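Examination of the molecular architecture
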Amino acid sequence: GAVVSQHPSRVICKSGTSVKIECRSLDFQATTMFWYRQFPKQSLMLMATSNEGSKATYEQGVEKDKFLINHASLTLSTLTVTSAHPEDSSFYICSARGRGKETQYFGPGTRLLVL
Amino acid sequence: AQSVTQPDIHITVSEGASLELRCNYSYGATPYLFWYVQSPGQGLQLLLKYFSGDTLVQGIKGFEAEFKRSQSSFNLRKPSVHWSDAAEYFCAVGAGNQGGKLIFGQGTELSVKP
């Protein structure tokens with residue numbers, strides 16, 4: 001149980017285009033989903049927290065207009081990187097947590113490369 | 001401020017040897033503590049967690065961790081390491097509402113030599 005998927009696993013795009021990453025909880029209802037960014041050989045940095053049906057809460061320094069997060073259902077959250085630039089290239093990982101639960105379950109991550 | 005420190009960036013152990021990965025945290029209240037493992041290019045897998053109760057917690061793959069409040073530590077141990085244990089290990093403390101916001105340590109890369 002507690003499986004989280006992400007799609008796509010890898011994406012290459014041109015500078016200036018937008019990219020959407022999906023995060024799905026496959027076998028539980030995720031009332032809260034989290035989006036992290038991980039640079040090579042570094043730890044995970046929380047970007048934003050989204051609760052189903054509410055606006056996402058962004059961490060300090062994360063541009064909400066650049067990283068659009070939607071959590072429209074209890075099993076799906078999306079992260080859209082708008083007008084991507086090479087510096088947005090990174091490993092993006094989502095996690096999900098059920099109602100009243102303390103444990104986050106992580107997706108396999110999405111490798112984004114912006115050319 | 002909440003923080004997690006993993007003092008060892010890289011550890012190498014021989015297969016079959018015991019392992020201890022260190023984790024120290026700074027948190028004002030009773031923490032929710034987690035250990036996750038990450039293989040290259042993959043997401044994170046939960047090894048074990050501590051919320052309350054018995055301070056020695058058992059996890060998957062033969063791992064255990066001990067919560068020591070007096071030392072603000074939550075070290076991860078395994079009595080006999082296997083080559084497949086080579087990976088990056090992250091300690092995290094859950095802050096905020098029901099520990100929802102995870103604060104990660106810098107990670108410890110484990111190499112296993114034959």
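Residues numbered from 1 in each chain as written. Chains lettered and ligands numbered in written order. Predicted model: local features only at pLDDT ≥ 70, side-chain atom pairs only at ≥ 80, totals over all residues. Heavy atoms only, no water.

**With respect to the side chain of Lys-66 of chain A**
Applicable threshold: The helix and strand labels rest on DSSP assignments: H or I over at least four residues marks a helix, E over at least two residues marks a strand, and numbering proceeds from the N terminus. By definition, residues are in contact when any of their heavy atoms lie within 4.5 Å.
Looking at where Lys-66 of chain A falls in the secondary structure, it is placed in the loop between β6 (57-58) and β7 (67-73). Each residue touching Lys-66 of chain A, except ones within four places of it in the same chain, is listed here: Thr-80, Val-81, Thr-82, Ser-83, Ala-84, His-85 and Asp-88 of chain A.

**Focus on the interface of chain B and chain A**
Often, the extent of an interface is quoted as the loss of accessible area on bringing the components together. To be explicit about the condition: Summed over both partners, the accessible area lost on bringing two parts together, with a 1.4 Å probe, is the buried area. Just to be clear on terms, a salt bridge is a Lys or Arg side-chain nitrogen sitting within 4 Å of an Asp or Glu carboxyl oxygen. Contacts described as polar in this section are N or O atom pairs within 3.5 Å, which, within protein, must combine one atom able to donate a hydrogen with one able to accept it, while residues neighboring in sequence count only if both atoms come from side chains. For this classification, the nonpolar set comprises Ala, Val, Leu, Ile, Met, Phe, Trp, Tyr, Cys and Pro, the charged set comprises Asp, Glu, Lys and Arg, and every other residue, Gly included, is treated as polar.
Of the residues lining the interface, 22 residues belong to chain B; the matching set on chain A comes to 21 residues. Counting each side, the surface lost to burial between chain B and chain A is near 1600 Å², with a carbon and sulfur contribution of 50%. There are 2 salt bridges connecting chain B and chain A. With a closest N to O distance of 3.8 Å, Lys-41 of chain A and Glu-109 of chain B form a salt bridge. Across the contact surface, chain B and chain A share 6 residue pairs in polar contact (both at pLDDT 80 or more). Looking at the side of chain B that touches chain A residue by residue, the classes come out as 9 nonpolar, 10 polar and 3 charged.

Purely geometric stuff here, so don't read any function into it on its own.
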